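This is what each chain is made of:
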Amino acid sequence: MQAVVFQVGSERFAIDTTSITEVVPCIPARPVPSAPHALRGVIEYRGAVFPVLDLCRLFERGDCPVRLSNRILVCDLGDEVERWGEAEVDRPLLGILAENVTRVTTLDPEAPGSHPGPVTEGFQGLGRILRDGDGLVQLVEVRQRVPADVLAAVVRDAEHTA
């Protein structure tokens, strides 16, 4: 599988490229009053307005530090809409602000020595832990990791723009 590798603090993570429609530069997000803490704000990119989730905030590591290597991973959440509600929604997008996005690499989730990852109550979406040439990397399952309140905001926003 092809995956985008990034960091949250000193830990390395990866997201399967099939979850990502585009990787864009880190542009300033417009804050949204009373939004969930992990939601950095909204951005407009290529004519679409969508929310941006800060992974550092989500992982309780404070705000994502400012780095030239930060990127926004644009994820299309349309495949999962039916499970969130009955309304038909036009392909809701979610930006994932990731720190130190360094490369796209090939990872084998079934490689010998990989681990399914620890089970932690109340914190879903972290998948297998693998080893690559730079050490350990843990897969992030975007559709499972995004908090329900953020998902609700994404679906609601998409309904209003459809």
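To be clear, the structure that these remarks concern was listed above.
This is a predicted model, so every value here is computed, not measured. (Residues numbered from 1 in each chain as written. Predicted model: local features only at pLDDT ≥ 70, side-chain atom pairs only at ≥ 80, totals over all residues. Heavy atoms only, no water.)

**Student:** Provide a residue-level description of the overall build of the chain, including the pertinent values.
**Tutor:** Across its full length, the chain carries four helices and nine strands. Secondary structure elements of the chain occur, N-terminal to C-terminal, as β-β-β-β-β-α-β-α-β-β-β-α-α. Looking at the chain as a whole, 43% of its 162 residues qualify as buried. Long-range contacts, defined as pairs at least 24 residues apart, comprise 56% of the intrachain contacts of the chain with a sequence gap of at least 6. For the chain, the computed accessible surface area is about 9,000 Å², with 49% contributed by carbon and sulfur atoms. (Helix = DSSP H or I, 4+ residues; strand = E, 2+ residues; numbered from the N terminus. Buried < 20%, exposed > 50% of the residue type's maximum accessible area, 1.4 Å probe, protein only. Contact = heavy atoms within 4.5 Å. Areas by Shrake-Rupley, 256 points an atom, 1.4 Å probe, with all protein chains shown as cover.)

**Student:** Explain the pattern of salt bridges residue by residue, including any values.
**Tutor:** Where charged atoms from two side chains of opposite charge approach closely, those side chains can pair. Going through the model one piece at a time under the given rule, you end up with nine salt bridges. Salt-bridge contacts for Arg 46 lead to Glu 22; the nearest nitrogen and oxygen are separated by 2.8 Å. Taken as a pair, Arg 46 in the loop between strand 4 (39–45) and strand 5 (48–54) and Glu 22 in strand 3 (residues 20–25) lie far apart in primary sequence, 24 residues in all. The closest approach of N and O atoms between Glu 99 and Arg 67, which form a salt bridge, is 2.9 Å. Placement of Glu 99 in strand 7 (residues 93–106) and of Arg 67 in the loop between helix 1 (55–58) and strand 6 (71–76) is noted, with a sequence separation of 32 residues between them. A network of salt bridges, in which partner residues are shared, links Arg 12, Arg 103, Asp 132 and Asp 134. (Salt bridge = Lys/Arg side-chain N within 4 Å of Asp/Glu carboxyl O.)

**Student:** I'd love a proper account of the pairing of strand 8 (residues 126–132), names of residues and values included.
**Tutor:** In this structure, strand 8 lies alongside strand 9 (residues 135–140), joined through five bridges in antiparallel fashion. Across the sheet, residue Arg 131 finds its bridge partner in strand 9, namely Leu 136. Adjacent in sequence and paired antiparallel, strand 8 and strand 9 are bridged by two residues. (Pairing = 2+ DSSP bridges.)

**Student:** Please provide a residue-by-residue account of the packing of aromatic side chains, values included.
**Tutor:** All chains considered together, the criterion is met by two aromatic pairs. Measuring from ring centre to ring centre gives 6.2 Å for Phe 6 and Phe 13, while their planes differ by 25°; the resulting arrangement is stacked. Here Phe 6 matches Phe 13 in class, with each residue buried. A ring pair is formed by Phe 13 and Phe 59, whose centres lie 5.2 Å apart and whose planes are at 75°; its orientation type is edge-to-face. Separated by 46 residues along the polypeptide, Phe 13 in strand 2 (residues 11–16) and Phe 59 in the loop between helix 1 and strand 6 bring together distant segments of the chain. In this structure, Phe 13 and Phe 59 share a single accessibility class: buried. (Phe/Tyr/Trp six-rings, centres within 6.5 Å; stacked < 30°, edge-to-face > 60°.)

**Student:** Tell me about unusual backbone geometry, and please be specific about residues and values.
**Tutor:** Of note, Glu 60 is a non-glycine position whose phi angle comes to about 60°, a positive value. Structurally, Glu 60 can be placed in the loop between helix 1 and strand 6. A positive phi angle is found at Asn 100, which is not glycine, with a value near 55°. Summarising the element assignment, Asn 100 is placed in strand 7.

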